[in-house]
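# Per-entry structural report
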Amino acid sequence: MIIYHGSKHIIKTPEYGKGKPYNDYGRGFYCTESPELAKEWACTESRGGYANQYTLDLDGLKVLNLSDSEYTILHWLAVLLRNRVFNVRNRISGIGKQYILDHFKVETSFYDVIRGYRADDSYFSFAQDFLDNTITLQKLSEAMKLGKLGEQIVLMTPTAFSHIEFMGSEVAERDIYYPLRKNRDELARSTYFSSRNDMDLTADDLFLADIIRGRLTADDPRIQ
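Cut-offs and rules
Residues numbered from 1 in each chain as written. Predicted model: local features only at pLDDT ≥ 70, side-chain atom pairs only at ≥ 80, totals over all residues. Heavy atoms only, no water. Helix = DSSP H or I, 4+ residues; strand = E, 2+ residues; numbered from the N terminus. Buried < 20%, exposed > 50% of the residue type's maximum accessible area, 1.4 Å probe, protein only. Pairing = 2+ DSSP bridges. Core = buried A, V, L, I, M, F, W, Y, C linked by side-chain atoms within 4.5 Å. Contact = heavy atoms within 4.5 Å. Axes fitted to C-alpha atoms, helices over the stretch in contact; angles between N-to-C directions.

## Describing unusual backbone geometry
Positive phi, normally seen in glycine, also occurs at asparagine 133, with a value near 70°. Counting through the fold element by element, asparagine 133 comes out in the loop between helix 4 (121-131) and helix 5 (137-143). Since its relative accessible area comes to 24%, asparagine 133 is described here as partly exposed.

## Structural notes on the pairing of strand 3 (residues 49-56)
As paired elements, strand 1 (residues 2-7) and strand 3 share six bridges and run antiparallel to each other. Paired with histidine 5 across the bridge in strand 3 is asparagine 52. Strand direction decides the pairing type here: strand 3 and strand 7 (residues 164-172), joined by eight bridges, are antiparallel. Within strand 7, the position partnered with glutamine 53 by the bridge is glycine 168.

## Re the nonpolar core
Ile100 and Phe130 are the most contacted members of the largest nonpolar core, which has 39 residues in total. Secondary structure elements with two or more residues in this core: helix 2 (73-83), helix 3 (91-103), helix 4, helix 5 and helix 8 (208-213). With eight residues, the single largest contributor to this core is helix 2. If sequence neighbours within four positions are ignored, isoleucine 100 has contacts with Leu74, Leu77, Ala78, Leu81, Lys105, Phe130, Leu131 and Leu208. Formed by 13 residues, the second largest nonpolar core is a distinct cluster that contains Cys31, Tyr54, Leu61 and Ala160.

## Section: helix 2
Across the 11 residues of helix 2, nine count as buried, placing the element largely inside the fold. Where helix 2 is concerned, the buried positions are Ile73, Leu74, His75, Trp76, Leu77, Ala78, Val79, Leu80 and Leu81.

## Some points on the sheet that holds strand 5 (residues 113-117)
Spatial ordering of the open sheet is given by 2-6-5-4, a layout of four strands whose pairing is mixed. In this open sheet, the two strands that pair with only one neighbour each are strand 2 (29-31) and strand 4 (63-65). Between one strand and the next, the sheet's axes are offset by a mean angle of 20°, whatever the strand orientation. As paired strands, strand 5 and strand 6 (residues 151-155) are joined by five bridges and run antiparallel to one another. The partner of glycine 116 across the bridge, within strand 6, is glutamine 152.

Here's what the structure looks like:
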């Protein structure tokens, strides 16, 4: 497959063990199949960067796809809770965090590559709202599709790094791609807040407190 990594640098040889440990899925090399998204991720308000292009040979690699039907958004959230810093703002947040970790844990250490949602700043705040018992599970699922960030592909092991080959890079101009990144985030937030304020609840809608109270697990059809 062809993947792209947005960075302020040209990275011809990605190195295993580098990167921040508190990213979505832990320390790894984070990529996307979209060169345009990689260019957005490469840019900040003050500078541009590069979309580095690679081929990734998946043959022989163990791939965890968190979008597969056997996983729910709570499995994705459990992975995030292990790696990202969430605020425990109330009693439900604290109990709920532990409940999700206990009942929806995914053992990621078995896999060379992980595919799943990307928790950009706005998307991370949506997950925090769910943990705060502010939005339902259904609203969280809808929110993760806003802005069309797509999936990220993360190389996690030395074996995965040995299956990647640099193909070249494209310049990401700050004046073009930072506004696109900013607009994508603002659109996702505004659409989310508009939807959140329209809380037309049904009998099937589940807040985190409902999941805890009902002792719901991944095999419950209401979680799917």
